[in-house]
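The lines below spell out each chain.
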Amino acid sequence: MKKIDNTQSITLDLKGNIISSDNVLFLTNSLPSQCVLDWSPFLESIFPAMLEKINHKKITFEKVKTIHSFLKGSYDYSFYQLEKKDQVIWVISDCSTYYSNFHRRQQFHHECVIFKQNNLVYKNNSTPRLPILIR
């Protein structure tokens, strides 16, 4: 199960302006602009298309890494619309620990595969035909 370290909820209008935030992960009032499209290339690229598709459904983007010093890990971004169709909730879930552990396990697995491939031996030291893995 995915471990979430913390979350932040930000309410946006349909132009990407911040209406409110719980400021758990970062302070939104210290941002260079209150329009998320001005400082987030990711949101700028997906926001218009997302607004067309959201229609009360939750849309999630996993393993997002940002260019921002105030978001240095790996995050899941979820968006959903409230009954008021003029607002979108953006939930940023800090999954940095989970994704970091996942990356280490994946790297270890890849190193094991490479080790096994580099340590193939052939039966009876004869002409190589079919490799056999030593376990």
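Scroll up a little and you will see the structure.
Within each chain, residue numbers correspond to sequence positions counted from 1 in written order. Per-residue local features are limited, in this predicted model, to residues with pLDDT of at least 70; the limit for side-chain atom pairs, both in listing and counting, is 80 or more; totals at the level of whole chains, interfaces and linings are taken over all residues. Values reported for side chains reflect all heavy atoms of the structure, with hydrogen atoms and water molecules removed beforehand.

Novice: In this structure, what is going on with the sheet that holds strand β2 (residues 18-21)? I would like to understand it.
Specialist: Hydrogen bonds between backbone atoms are what pair the strands of a sheet, whose relative direction is either parallel or antiparallel. The strand order β2-β1-β5-β4-β3 describes an open sheet built from five strands, whose pairing is antiparallel. Of all strands in the sheet, those with a lone pairing partner are β2 and β3 (59-65), marking the two edges. This sheet shows a mean twist of 20° between the axes of neighbouring strands, independent of strand direction. A strand pair is defined by DSSP finding two or more bridges across the two strands. Only runs of H or I of at least four residues qualify as helices and only runs of E of at least two qualify as strands under DSSP, and these elements are numbered from the N terminus. With seven bridges joining them, strand β4 (residues 74-81) and strand β5 (residues 87-94) adopt antiparallel strand pairing. Between the N-to-C directions of two axes lies an angle of 0 to 180 degrees, each axis being a line fitted to C-alpha atoms and, for a helix, fitted only over the stretch in contact.

Novice: It is not clear to me how the packing of aromatic side chains should be interpreted in this structure. Could you clarify?
Specialist: How two aromatic rings sit relative to each other is given by the distance of their centres and the angle of their planes. Aromatic rings from Phe, Tyr and Trp, taking only the six-membered ring of Trp, are treated as a pair when their centres fall within 6.5 Å; an angle between ring planes under 30 degrees marks them as stacked, one over 60 as edge-to-face, and anything in between as tilted. All told, the structure shown has ten aromatic pairs when counted by the stated rule. Ring geometry for Phe26 against Trp39: centres 6.3 Å apart, planes inclined by 85°, an arrangement best described as edge-to-face. Of the two residues, Phe26 sits in the loop between β2 and α1 (36-39) while Trp39 sits in helix α1, which places them 13 residues apart along the sequence. For the pair Phe26 and Trp39, one class covers both residues: buried. A ring pair is formed by Phe79 and Trp90, whose centres lie 6.0 Å apart and whose planes are at 10°; its orientation type is stacked. Highlighted residues: Phe79 in strand β4 and Trp90 in strand β5, separated in sequence by eleven residues. Think of it in three bands: with a 1.4 Å probe and only protein chains considered, a residue is buried below 20% of the maximum accessible area for its type, exposed above 50%, and partly exposed in between.

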